[in-house]
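Descriptive analysis of the structure
The residues making up each chain are set out below.
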Amino acid sequence: MRVKFQKGKQRGFLDLAVKRLNCVSLRGILQFGLDVSYDCLKNYYNERRLMDKIFFEDLCHISKIDKEKLKVEYLKDNWGQIKGGKKSKR
């Protein structure tokens with residue numbers, strides 16, 4: 001599943017997590033054993049990609065952020081996919 005924040009709030013969430021974890025930068029989050037590459041983390045920060053639910057829950061747990069107070073929407077894994085096998089004209 002994916003987690004969809006309001007526009008501009010995903011970056012704020014990651015900034016709050018960096019502050020609570022007492023890290024110098026965004027790269028410091030990776031030292032806590034989260035299974036995400038730095039490139040993927042940058043895409044989350046720039047809001048190019050929606051955050052994975054497991055990563056979101058792990059980050060909330062590590063940084064002690066109450067996820068119930070955040071206004072997020074959960075989307076299914078197949079969100080954004082198109083239907084394949086379109087019929088062509090014959």
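Remember, predicted model here, so these are calculated numbers, not experimental data.

Here the focus is the nonpolar core. One finds F13, I29, Y44, M51, F55 and L59 to be the most contacted residues of the largest nonpolar core, which totals 21 residues. Listing elements by their share of this core, those giving two or more residues are strand 1 (2-5), helix 1 (9-20), helix 2 (38-45) and helix 3 (53-63).

Attention now moves to unusual backbone geometry. Look at N22: it is not a glycine, yet its phi comes out positive at around 65°. Within the secondary structure, N22 sits in the loop between helix 1 and helix 2. One non-glycine residue, K64, lies in the positive phi region at around 60°. Tracing the sequence through the fold places K64 in the loop between helix 3 and strand 3 (72-75). On the accessibility criterion, K64 (69% relative accessible area) is exposed.

Before going further, it helps to spend a moment on the state of the cysteines. In the structure shown here, the tally under the stated rule is 0 disulfides. The structure places no disulfide on C60, whose sulfur is separated from the nearest cysteine sulfur, that of C23, by 15 Å. On the basis of relative accessibility, which here comes to 4%, the residue C60 falls in the buried class.

Backbone hydrogen bonds are what pair the strands of a sheet, in a parallel or an antiparallel way. Read across the open sheet, the 3 strands follow the order 2-1-3; overall the sheet is antiparallel. Whereas interior strands pair on both sides, the edge strands pair on one side only; in this sheet they are strand 2 (51-52) and strand 3. With 4 bridges joining them, strand 1 and strand 3 adopt antiparallel strand pairing. In the strand pairing of strand 3, V3 is matched with Y74. Of the strands in this sheet, strand 1 and strand 2 are in contact with helix 1, which crosses strand 1 at around 105°.

Cut-off values and rules
- Residues numbered from 1 in each chain as written.
- Predicted model: local features only at pLDDT ≥ 70, side-chain atom pairs only at ≥ 80, totals over all residues.
- Heavy atoms only, no water.
- Core = buried A, V, L, I, M, F, W, Y, C linked by side-chain atoms within 4.5 Å.
- Buried < 20%, exposed > 50% of the residue type's maximum accessible area, 1.4 Å probe, protein only.
- Helix = DSSP H or I, 4+ residues; strand = E, 2+ residues; numbered from the N terminus.
- Disulfide = S-S within 2.5 Å.
- Pairing = 2+ DSSP bridges.
- Contact = heavy atoms within 4.5 Å.
- Axes fitted to C-alpha atoms, helices over the stretch in contact; angles between N-to-C directions.

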